[in-house]
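Working through the structure, step by step
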Amino acid sequence: MADLLTHLLVPYVCLTVAGWRVDWLDRRWVVVGMGGAAVPDLVKLNIVLDSNAVEAALGIPFSYAPVSSLGGVLLVAGVITLAFDRRHWPRVFGLVTFGGLTSLVLDGLRVYADGRASAYLYPLTNWRPPTPSLYVSSDPRVLVVAVVVAGAVAVLDRRRRTGD
């Protein structure tokens, strides 16, 4: 869960700070971008609903793995976008995609046993870029840094809104 919370806090920080300059980017749109950060983690649905069961129900080969890639983020962002009013589609698609991409970038910085990140650019390529191996998902220090930075941004944002 620390990994997911960190993934949610990074777009919160980025979009909140961007909202200080972009008039339309208020809190409700920041939340949409934060939701996009959870898209690559949908691969964890396999814990609850086995991909073999989905494959048997659909009658076609099925895997959750592509959801945690650029193609998966774009596909799910498109589906999520359809749930909004048509006039908001470009904004929603951009924000959900941004959130998903921040999550993929953070995952690309993690430690992998072979020194290469996952194939995040699928379906464009199956190339696995090298990773700097900066942290492991379970490292609480990463979450502490994310919470402290997000807390500081929240305090600054509140002061900005109240005029203090």
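Structural notes, computed from the coordinates. All figures in this text were calculated on a predicted structure; none of them were measured in a lab. (Residues numbered from 1 in each chain as written. Predicted model: local features only at pLDDT ≥ 70, side-chain atom pairs only at ≥ 80, totals over all residues. Heavy atoms only, no water.)

1. So, the overall build of the protein chain
Counting its regular elements, the protein chain contains 6 helices and 0 strands. Overall size of the protein chain, expressed as C-alpha extent along the three principal axes, is 60 × 40 × 30 Å. Summarising the internal contacts of the protein chain: among those between residues at least 6 apart in sequence, 61% fall at separations of at least 24. In the structure as shown, the protein chain presents an accessible area of about 9800 Å², 67% of it carried by carbon and sulfur atoms. A gap of 8 Å separates the mean positions of the 15 positive and 12 negative side-chain charges of the protein chain. (Helix = DSSP H or I, 4+ residues; strand = E, 2+ residues; numbered from the N terminus. Contact = heavy atoms within 4.5 Å. Areas by Shrake-Rupley, 256 points an atom, 1.4 Å probe, with all protein chains shown as cover. Lys, Arg positive; Asp, Glu negative; His and termini not counted. Charge placed at Lys NZ, Arg CZ, Asp CG, Glu CD.)

2. Remarks on the side chain of S68
With respect to the helices and strands, S68 occurs in the loop between α3 (51–58) and α4 (70–81). Assessed through its relative accessible area of 16%, S68 is described here as buried. The residues contacting S68, other than those within four sequence positions of it, are P40, V43, L104 and Y120. (Buried < 20%, exposed > 50% of the residue type's maximum accessible area, 1.4 Å probe, protein only.)

3. As for the side chain of S103
The topology assignment puts S103 in helix α5 (residues 89–108). Looking at S103, the relative accessible area reads 0%, which means it is buried. Those residues in contact with S103, other than ones at most four positions away along the chain, are H7, A37, P40 and D41.

4. Thoughts on the environment of D114
Tracing the backbone through its elements, the reader meets D114 in the loop between α5 and α6 (140–162). In this structure the C-alpha to C-alpha distance between D114 and P130, which are 16 residues apart in sequence, comes to 8.9 Å. A polar contact of 2.8 Å, which involves the side chain of D114, links it to the side chain of R128. (Polar contact = N/O pair within 3.5 Å; in protein donor to acceptor, adjacent residues only side chain to side chain.)

5. Comments concerning a nonpolar patch on the surface
Together, I47, V48 and L49 make up an exposed nonpolar region whose accessible area comes to about 360 Å². Along the chain, I47 turns up in the loop between α2 (27–37) and α3. (Patch = residues over 30% accessible without salt bridge, like charges linked within 9 Å, V, L, I, M, F, W, Y side chains within 5 Å. Salt bridge = Lys/Arg side-chain N within 4 Å of Asp/Glu carboxyl O.)

6. Considering the packing of aromatic side chains
As enumerated under the stated definition, the model contains 1 aromatic pair in all. Geometrically, the ring pair formed by F62 and Y64 is edge-to-face, given 5.0 Å between the ring centres and 85° between the ring planes. With a relative accessible area of 28%, F62 lands in the partly exposed category. Here Y64 falls in the buried class, since its relative accessible area comes to 8%. Sitting over the ring of W29, R91 keeps its end group 5.3 Å from the ring centre. (Phe/Tyr/Trp six-rings, centres within 6.5 Å; stacked < 30°, edge-to-face > 60°. Lys NZ or Arg CZ within 6 Å of the ring centre and 35° of its normal.)

7. Remarks on the pattern of salt bridges
Enumeration according to the criterion identifies 8 salt bridges in this entry. In this structure, D41 and K44 form a salt bridge, with 3.2 Å as the shortest nitrogen-oxygen distance. The class of D41 is buried, set by a relative accessible area of 11%. Between D157 and R161 there is a salt bridge, with the nearest N and O atoms lying 2.9 Å from each other.

8. Points about unusual backbone geometry
Cis geometry marks the peptide bond from Y122 to P123, where omega comes out at 10°. Along the chain, the position of P123 falls in the loop between α5 and α6. Phi at S133 is positive, roughly 55°, even though this residue is not glycine. Relative to the elements of secondary structure, S133 occurs in the loop between α5 and α6.

9. Quick notes on the nonpolar core
One finds Y12, W29, V32, L95 and V96 to be the most contacted residues of the largest nonpolar core, which totals 23 residues. Taken together, the elements giving at least two residues each to this core come down to α1 (2–19), α2, α4, α5 and α6. Sequence-distant contacts of V32, defined by excluding residues within four places in its chain, comprise F84, V92, L95 and V96. (Core = buried A, V, L, I, M, F, W, Y, C linked by side-chain atoms within 4.5 Å.)

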